[in-house]
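# Coordinate inspection notes
Chain by chain, the residues:
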Amino acid sequence: GAYVAAIEAANASINAYVAVTSEQALEMAKASDARRASGQTGALEGIPLGIKDLYATEGVHTQACSHILDGFQPRYESTVTANLWADGAVMLGKLNMDEFAMGSSNESSYYGPVINPWRAEGSTADLVPGGSSGGSAAAVAANLCVAATATDTGGSIRQPAAFTGTVGIKPTYGRCSRWGIVAFASSLDQAGPITRDVRDAAIMLKSMASVDDKDTTSVDLPVPDYEASLGQSVKGLKIGIPREYRVEGMPAEIEALWQQGIAWLKDAGAEIVDIELPHTKYALPAYYIVAPAEASSNLARYDGVRYGLREQGRDITDMYEKTRAAGFGTEVKRRIMIGTYVLSAGYYDAYYLRAQKVRTLIKRDFETAFHDGIDAILTPATPSSAFGIADQEMAADPVKMYLNDIFTVTVNMAGLPGLSVPAGRCAKGLPLGLQLIGRPFEEETLFRTAHVIE
Ligand code: GLN
């Protein structure tokens, strides 16, 4: 009840929720109270959550914040949200996001931008919360839910977490089932939580993760009690510092934050090791080939027949064209065009195949570091703090927006777990995050190391 009231009071200015499910929330809360009274409590009993609009929620608004999915209410529930409800959690509503999770500022949503609850000192200018899980990050930061689900294809959990002073983890590819999550780039997409602190992230991920017959890429490994790893010492852990992340033009305050993180971990007894990840500079261009390629294929299903919007046409082809022209926004159309181009005969080898080869090299860089005994890698989460809404330079040049993902996309390309933890403030008082990258399925190491930093 208190959260629903808080959302009603604050959502108009933040725009984090695109649907508030107050009736379901009260019903779920009542059922939770009944379970509590009979002594059967789940790990998330009664905890109110916000759910990114990318997750299918049965009978509830699920539109990936796109016009093309107008009115879509699935008859099924995503595996991750089903896991959360089975543990007693309560749904408050669906959270705003970039359309089909494409973006780094939450400005491509059909429902309008999300406003970051943070302001620079002495300024009233609106800032972006990051994207694509901008609604998730803003809702957690503004206390409009206890925790939120999010997804990360190329940084969409970690970058918004860094921009809003929250914690976000993208687990290893395969840790959570992708079933019932609207597909963007299937070989990169992973579910994960955005939370207020590391402990909440550990508890949320434990509940979200599972092997699932309906997603053959989900992995059959026991889900550890992540919370139990908190407070364990990081003494003797080898933390890698990749020199390639010291990118040109990186602001001094980001470098200083990184050094601070290194000092904290050293003080806590970790061993700091300089490492090389030589193919890092190719990650961003390769990502912006692989992700649009898979997106163009995944988005072919929105044809005006099966879901949501349908525009009238002379014949079926005309109907397809008119529906897709009206239903998709500019960024989504840009991705479909890039994706179709790099997959087309004649260009496939030059772009898509080459990008896949680069992806293998990126993966090998990490394997070499881990083989040499590195337990986790520490980097900045983003190259800057949150930027302004409607940034003219980024609007004029989409590549400027893509550069935001420079520290995060490598992790998706390699399928590794990555966590963003708030670690300080910039000169203007805005939150900044550090990223920890781990070995496959060793999220515990990330939680325990992040707990030392937070
Ligand atoms: N900003 C990246 C993109 O636009 C990442 C998106 C994501 O992780 N969903 O593709």
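Residues numbered from 1 in each chain as written. Predicted model: local features only at pLDDT ≥ 70, side-chain atom pairs only at ≥ 80, totals over all residues.

### Details of the overall build of the protein
Each helix and strand in the protein was counted, giving 15 helices and 11 strands. Compactness check: the protein gives a C-alpha radius of gyration of 21 Å against a globular reference of 22 Å for 454 residues, within 12% of the reference. Its C-alpha atoms give the protein principal-axis dimensions of roughly 65 × 65 × 50 Å. The buried share of the protein, reckoned over its 454 residues, is 55%. The long-range fraction of contacts in the protein, counting pairs at least 24 apart against all pairs at least 6 apart in sequence, stands at 77%. (Helix = DSSP H or I, 4+ residues; strand = E, 2+ residues; numbered from the N terminus. Rg over C-alpha atoms; globule rule 2.2 N^0.38 Å. Buried ≥ 20, exposed ≤ 12 C-beta atoms within 10 Å, placed from the backbone. Contact = placed C-beta atoms within 7 Å.)

### A look at the pairing of strand E10 (residues 418-425)
Side chains on a regular strand alternate between the two faces of the sheet. Counted residue by residue, E10 has 6 buried out of 8 residues, so it is predominantly covered. With 3 bridges connecting them, strand E5 (residues 167-170) and E10 associate as antiparallel partners. Looking at the pairing, isoleucine 169 lines up with leucine 419 of E10. Relative to strand E11 (residues 431-438), E10 runs antiparallel, the two sharing 7 bridges. Note on E11: the bridge partner recorded for leucine 419 is leucine 436. Connecting the antiparallel pair E10 and E11 is a turn made up of 5 residues, with glycine 429 showing a positive phi of about 85°. (Pairing = 2+ DSSP bridges.)

### Here's the deal with helix H2 (residues 22-37)
The end-to-end C-alpha distance of H2 is 22 Å, a good match for the 22 Å that 16 residues give at a rise of 1.5 Å each. Just downstream of H2, glycine 39 is the residue with a positive phi angle, here 75°. (Expected span 1.5 Å × (residues − 1).)

### Regarding the confidence of the model for the protein
With 100% of its residues at a pLDDT of 70 or more, the protein shows a mean pLDDT of 96. Of the two predicted TM-score estimates for the complex, the pTM is 0.97 and the ipTM is 0.97. (pLDDT = per-residue confidence, 0-100.)

### Thoughts on the site of the ligand
In the vicinity of the ligand there are 13 residues, among which Ala101, Ser104, Thr153, Gly154 and Ser156 approach most closely. Residue composition of the shell around the ligand, by class: 4 nonpolar, 7 polar and 2 charged. (Near = placed C-beta within 6 Å. Nonpolar A, V, L, I, M, F, W, Y, C, P; charged D, E, K, R; others polar.)

### So, the UniProt feature "active site" (unreviewed entry) in the protein
Mapped onto this numbering, the UniProt entry gives "active site" (unreviewed entry) at Lys52, Ser132 and Ser156. Taking the farthest pair of C-alpha atoms as the criterion, the annotated set spanning 105 residues converges on one region, since that pair is 11.3 Å apart. Mapping lysine 52 onto the fold places it in strand E2 (residues 48-52). When you line up the elements, serine 156 lands in the loop between strand E4 (147-152) and helix H5 (158-164). (UniProt positions renumbered as here; feature names shortened; annotations may be inferred.)

### Details of the pairing of E11
For E11, a buried count of 8 out of 8 residues is recorded, marking the element as mostly surrounded by other parts of the structure. Across the two faces of E11 the burial is the same, with Pro431, Gly433, Gln435 and Ile437 and Leu432, Leu434, Leu436 and Gly438 all buried.

### Quick look at the packing of helix H8 (residues 283-298) against helix H11 (residues 349-371)
At their nearest, the axes of H8 and H11 sit 9 Å apart, and the two run at 125° to each other. Judged by the angle between their axes, H8 and H11 are oblique. Considering the relative orientation of H8 and H11, their crossing is left-handed. Taken together, the residues of H11 that come into contact with H8 (itself represented by Ala283, Ala286, Ile289, Val290 and Ala293) are Tyr351, Tyr352, Ala355, Gln356, Val358, Arg359 and Ile362. Within the contact of H8 with H11, the residues separate by chemical class into 10 nonpolar, 1 polar and 1 charged. (Axes fitted to C-alpha atoms, helices over the stretch in contact; angles between N-to-C directions. Parallel < 35°, antiparallel > 145°, perpendicular 65-115°, else oblique. Left-handed = near helix turned anticlockwise from the far one by under 90°.)

### Structural notes on the sheet that holds strand E9 (residues 376-380)
Spatially, 11 strands are ordered E1-E3-E2-E4-E6-E5-E10-E11-E9-E7-E8 in an open sheet, and the strand pairing comes out mixed. On the outer flanks of this sheet lie strand E1 (17-20) and strand E8 (271-275), each paired with one strand and no other. Between one strand axis and the next, the sheet turns by 30° as a mean value, whatever way the strands run. Strands in contact with helix H7 (residues 252-267) are strand E7 (238-242), E8, E9, E10 and E11; relative to E9, the strand with the most contacts, it is inclined by about 150°.

### As for the nonpolar core
Soluble globular proteins: nonpolar side chains tend toward being buried together. Membership of the largest hydrophobic core comes to 134 residues, with the highest contact counts inside it found for Ala16, Leu49, Ala139, Cys145, Ala148 and Tyr287. It is H8 that contributes the most residues to this core, 10 residues altogether. Ignoring sequence-local partners within four residues, the contact set of cysteine 145 consists of Tyr3, Pro48, Leu49, Gly50, Leu92, Ala139 and Val140. (Core = buried A, V, L, I, M, F, W, Y, C linked by C-beta atoms within 7 Å.)

### What about the environment of alanine 89?
By secondary structure assignment, the location of alanine 89 is in the loop between helix H3 (79-86) and strand E3 (90-95). Accessibility expressed as a C-beta count within 10 Å gives 26 for alanine 89, which makes it buried. On a C-alpha basis, the gap between alanine 89 and isoleucine 47 in space is 4.8 Å, while along the polypeptide they are 42 residues apart. Look past the residues within four positions of alanine 89 in its chain and what remains in contact with it is Leu44, Ile47, Leu49 and Leu84.

### Focus on helix H4 (residues 134-141)
Of all 8 residues that make up H4, 8 are buried, and the element is covered over most of its length. Turning to H4, its buried residues are Gly134, Gly135, Ser136, Ala137, Ala138, Ala139, Val140 and Ala141.

### A few points about unusual backbone geometry
For the peptide bond that leads from glycine 131 to serine 132, omega is 0°, which places it in the cis range. Considering the arrangement of structural elements, one finds serine 132 in the loop between E3 and H4. Look at asparagine 106: it is not a glycine, yet its phi comes out positive at around 60°. Inspection of the secondary structure assignment puts asparagine 106 in the loop between E3 and H4. Of note in the backbone geometry, alanine 390 takes a positive phi value of approximately 55° without being a glycine. Following the sequence through the fold, alanine 390 ends up in the loop between E9 and helix H12 (392-396).

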